[in-house]
Amino acid sequence: MGEQTKFATKLGIIATTVGSAVGLGNIWRFPYEAGMNGGGAFLMVYILCVLILGIPVMCAEFVIGRRSKSDTVDAFRKLAPGTRWHYIGYIGILASVLILGYYMVISGWTLEYLFKAFTNDLAGKTAAEFKAEQNAFIQSDFRPLLWAYIFLFINYIILSRGVQKGIEKMSNILMPLLFVILVVFCVRSLTLPGSSKGLSFFLHPDFSKITPQVIIRAMGQAFFSLSLGMGILITYSSYFNAKTHLIKTATTVALLDTSVAILAGVIIFPAMFACGLNPATDSASVVGPDLVFVTLPNVFNQMPVSTLWSVLFFLLLTVAALTSTVSLFEVTVAFLINYMHMSRKKATRIMMLIVAVLSTIFSLSIGSWSQVRILGKTIFDACDYFSAIILLPVGGLLISIFIGWVLKRHISREELTNRNKLHEPLFNAIFFSIKYIAPIIIILIFLSGFGII
Ligand code: PFF
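Below or above, wherever it landed, is the structure these notes cover. Bear in mind the structure is a predicted one, so any value in this text is a computation, not a measurement.

Now for the overall build of the protein. Secondary structure summary: the protein contains 18 helices and 2 strands in total. A compact globule built from 453 residues would reach a C-alpha radius of gyration of about 22 Å, and the protein, at 21 Å, matches this within 12%. Dimensions of the protein, computed from C-alpha atoms along their principal axes, come out at roughly 60 × 45 × 45 Å. Counting every position in the protein, which comprises 453 residues, the buried fraction comes to 61%. Here the contacts in the protein between residues at least 6 apart in sequence split such that 83% fall between residues at least 24 apart. Put simply, the protein shows about 17300 Å² of open surface, and 68% of that area lies on carbon and sulfur atoms. Of the side chains in the protein, 34 bear a positive and 21 a negative charge, and the two mean positions are spaced by 10 Å.

Here's what the structure looks like:
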């Protein structure tokens, strides 16, 4: 990777990194995890995970990426030559490829619904019709795959144009658009009659729901949402410049990402209540894909100018998904460019093929192959659990051990203070969290979540 591979502007650095973080995890996954697992209590555990684990681990990834200026495997080779620490990079690549496989399928669904919204095919249907149509769609063999391949192709166009002209340019345009749509939705949702009931459902803390398993899920959600533990931020920060203030960038990204997750809840639940749907008594309405692909279209249908709201919402989801999938691809593309000395176009094409095959398997595992089970779960759910809930925190654990215990402390100090140019009062606290708090807490959460303590 040549020295010239850099993000061009400060805005580009924030837009691309926030673009990776803000995705289906915020708008689709976070609201239903929170809604099902204690509302405000889940939110508190989640915010603690972001503060205590997320920001320090993000800083750790930034140190590795900007110092080594390399892909996620080679970064560890450069910083700890002759050791096996670069296996962390391979874990990251495995997690990215697995996540890409199923993320692409759901991204394809968002395209189908965007298309339906545009062609006014969502208007005038009942909840039962939405449910039946959605089931038929996701279980069919061909159509979901077609959309996943189209989404893959859009990724290809962006990735093959490179870091500045592809990834950065896309993020600079799409991220502001995403925030504008979010704000418009927020105003709409909060001005609906009866919306306050939805807010109190979302934010009311129910501590009786907080179990060790729920804490594990909140931790996994925090890692997933912040795109941590898999080398994405190592790769992106290798494109940062020497002036980038790493701690400030990590805090800004965490803050924006968490705000979008909360905003999504603030939009979704009041709108549901205003339309007479109560997630507490109708728990099926907020489970998994149903929340955005069945319940919300039904909610929009009960508002004036429903087509406009459906189009805007599915555009929001598509934009969020696209900036995230591009970042997942970039980890592997950067690795192939460096390691196999491939051109960017060739590396991107190879990754497209691999992900196309995986997406095909994941998509079919919901329909024709749904009888195939791994530990009682469909292939799709098993891979989601294994990659998001297990691999990402394990990656985060190893990364924090590497920075806290293996890499010389002065290197982290140099990176986090821009070679002592910044007065950084938070350095000691962040380093302490990376060295002690993050590893101990991740291990404790795993042990209790799996019933070992
Ligand atoms: N952070 C993205 C989201 O919340 O949807 C998804 C994601 C992107 C997860 C990149 C993991 C990742 F490495």
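To continue, consider the site of the ligand. What surrounds the ligand is a group of 14 residues, the closest being Gly25, Tyr103, Phe224, Met230 and Ile232. Within the backbone of Gly25, one N or O atom sits 2.7 Å away from an oxygen atom of the ligand. Tyr103 is positioned with one of its side-chain polar atoms (N or O) 2.5 Å from an oxygen atom of the ligand. Contact with the protein chains hides 100% of the accessible area of the ligand, taken as 330 Å² for the molecule alone. More than half of the atoms of the ligand fall within 2 Å of the grid points belonging to the largest cavity. Contributions of two or more residues to the shell around the ligand are made by α1 (10-21), α2 (24-36), α10 (212-225) and α14 (306-339).

Despite not being glycine, Lys69 shows a phi value in the positive range, around 50°. Position of Lys69 among the secondary structure elements: in the loop between α3 (40-68) and α4 (72-79). The class for Lys69 is partly exposed, based on a relative accessible area of 31%. Even without glycine at this site, Arg419 takes up a positive phi of about 55°. With respect to the helices and strands, the residue Arg419 is situated in the loop between α17 (409-416) and α18 (427-449).

Attention shifts here to the side chain of Ser359. Assignment of secondary structure puts Ser359 in helix α15 (residues 344-364). Accessibility expressed as a relative area gives 0% for Ser359, which makes it buried. A polar contact of 3.2 Å, which involves the side chain of Ser359, links it to the backbone oxygen of Gly101. Residue contacts for Ser359: discarding those within four places in its chain leaves Leu100, Gly101, Met104, Val105 and Leu145.

The next thing to look at is the pattern of salt bridges. Within the structure shown, the criterion is met by 14 salt bridges. Across the salt bridge formed by Glu415 and Arg66, the nearest N and O atoms sit 2.8 Å from each other. Of this pair, Glu415 sits in helix α17 while Arg66 sits in helix α3, and the two are 349 residues apart along the sequence. Take Glu415 and Arg66: they sit in the same class, and that class is buried. Note that Glu415 and Arg67 form a salt bridge whose closest N and O atoms lie 3.2 Å from each other. A residue pair is termed long-range when its members are at least 10 positions apart, and Glu415 in helix α17 and Arg67 in helix α3 qualify at 348 residues. Residue Glu415 is classed as buried on the basis of its relative accessible area of 5%. Linked by salt bridges that have partners in common, Glu112, Lys116, Asp121, Lys125, Glu133 and Arg143 make up one network.

Counted according to the given criterion, the structure contains 3 cavities of 30 Å³ or more. Considered as a void within the structure, the largest cavity measures approximately 110 Å³ in volume. What lines the largest cavity is a set of 15 residues, among which Ser20, Tyr103, Phe224, Ser227 and Leu328 lie closest to the centre. The leading source of residues in the lining of the largest cavity is α14, at 3 residues.

One pair of aromatic rings is described through two measures. These are the centre distance and the angle between the planes. Applying the stated criterion across every chain, the model contains 34 aromatic pairs. Centroid distance Tyr113 to Phe137: 6.3 Å. Interplanar angle 70°. Geometry classified as edge-to-face. Of this pair, Tyr113 sits in helix α5 (residues 87-118) while Phe137 sits in helix α6 (residues 127-139), and the two are 24 residues apart along the sequence. A centroid spacing of 5.6 Å and a plane angle of 85° characterise the contact between Trp405 and Tyr436, whose relative ring orientation is edge-to-face.

Look at helix α7 (residues 143-160): 26 Å from first C-alpha to last across 18 residues, which is about the 26 Å you get at 1.5 Å a residue. All of the buried residues along α7 are Pro144, Leu145, Trp147, Ala148, Phe151, Leu152, Asn155, Tyr156, Ile158, Leu159 and Ser160. Where α7 is buried, its residues touch α5, α6, α8 (163-190), α14 and α15. The first or second residue beyond α7 is Gly162, which carries a positive phi of 100°.

On to the environment of Ile13, then. Secondary-structure assignment places Ile13 in helix α1. In this structure, the C-alpha to C-alpha distance between Ile13 and Ser324, residues 311 residues apart in sequence, is 14 Å. When near neighbours in sequence (up to four residues on either side) are disregarded, Ile13 contacts Phe7, Phe240, Asn241, Thr244 and Thr249.

Rules and cut-offs
- Residues numbered from 1 in each chain as written.
- Predicted model: local features only at pLDDT ≥ 70, side-chain atom pairs only at ≥ 80, totals over all residues.
- Heavy atoms only, no water.
- Helix = DSSP H or I, 4+ residues; strand = E, 2+ residues; numbered from the N terminus.
- Rg over C-alpha atoms; globule rule 2.2 N^0.38 Å.
- Buried < 20%, exposed > 50% of the residue type's maximum accessible area, 1.4 Å probe, protein only.
- Contact = heavy atoms within 4.5 Å.
- Areas by Shrake-Rupley, 256 points an atom, 1.4 Å probe, with all protein chains shown as cover.
- Lys, Arg positive; Asp, Glu negative; His and termini not counted.
- Charge placed at Lys NZ, Arg CZ, Asp CG, Glu CD.
- Near = heavy atom within 4 Å.
- Polar contact = N/O pair within 3.5 Å; in protein donor to acceptor, adjacent residues only side chain to side chain.
- 1 Å grid on protein atoms, 1.4 Å probe; cavity = no way out; pocket = protein on both sides within 12 Å on 5 of 7 lines; lining within 4 Å.
- Sits in = over half its atoms within 2 Å of the grid points.
- Salt bridge = Lys/Arg side-chain N within 4 Å of Asp/Glu carboxyl O.
- Points joined across faces, edges and corners; volume = space filled by probe spheres on them.
- Phe/Tyr/Trp six-rings, centres within 6.5 Å; stacked < 30°, edge-to-face > 60°.
- Expected span 1.5 Å × (residues − 1).

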